[in-house]
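# An overview of the molecular structure
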Amino acid sequence: MAPVTPEKLFEILTKYAHSKGQELNNNLEHTMSIIRGILENERRNGYRGCPCRLNSGDREKDKDIICPCAYKDKDVEEYGSCYCGLYVSHEWNQNPDKRVTVPERRPFDKLFG
């Protein structure tokens, strides 16, 4: 099976985001950079780990940060964006002046454990 291209994953993730009432970040350069990072982590580790977090290479240890991560929905609900800025609310895409930094929700022991 041929590897998924960044463009194909963009299509897949767009459909997924819409099914959840969310969008992908409308900054295409940022979005494609994140998508390429996801695919690089998949090539390197065998799973689509969040490129904005340190992946251990152990799928079980990193299952909470496999994209879409376990924190995405709460982040988008509370801040309008997920931690890496891939998944966002419609309002977030429309109001750049109201964007805030999303804090790390991943427990400390998972960050450095």
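Below is a summary of the structure that appears in this document.

Conventions used here
Residues numbered from 1 in each chain as written. Predicted model: local features only at pLDDT ≥ 70, side-chain atom pairs only at ≥ 80, totals over all residues. Heavy atoms only, no water. Salt bridge = Lys/Arg side-chain N within 4 Å of Asp/Glu carboxyl O. Helix = DSSP H or I, 4+ residues; strand = E, 2+ residues; numbered from the N terminus. Buried < 20%, exposed > 50% of the residue type's maximum accessible area, 1.4 Å probe, protein only. Arc of directions from axis to C-beta. Contact = heavy atoms within 4.5 Å. Core = buried A, V, L, I, M, F, W, Y, C linked by side-chain atoms within 4.5 Å.

### Brief notes about the pattern of salt bridges
Enumeration according to the criterion identifies twelve salt bridges in this entry. Between E40 and R43 there is a salt bridge whose closest N-O contact spans 2.4 Å. Pair noted here: E40 and R43 are both in helix α2 (residues 28–45), with a separation of three residues, about one helical turn. Classification of E40 as partly exposed rests on a relative accessible area of 28%.

### Some thoughts on helix α3 (residues 72–79)
Buried within α3 we find K72, D75 and V76. All buried residues of α3 lie within an arc of 95° about the axis, which places them on one face of the element. Structurally, α3 contributes buried residues whose contacts are with α1 (6–19) and β2 (87–88). Looking at the residues trailing α3, positive phi occurs at G80, about 90°.

### A look at the nonpolar core
If you look at the biggest cluster of nonpolar residues, it comprises 18 residues, and the most contacted ones within it are L13, I35, L86 and Y87. Among the secondary structure elements, those contributing two or more residues to this core are α1 and α2. When residues of this core are assigned to their parent elements, the largest contribution, five residues, is made by α2.

### Digging into the environment of H30
In this structure, H30 sits in helix α2. Expressed as a C-alpha distance, the spacing of H30 and C84, which sit 54 residues apart in the sequence, is 9.5 Å. Not counting the four nearest positions on each side in its chain, H30 is found in contact with N25, C84 and G85.

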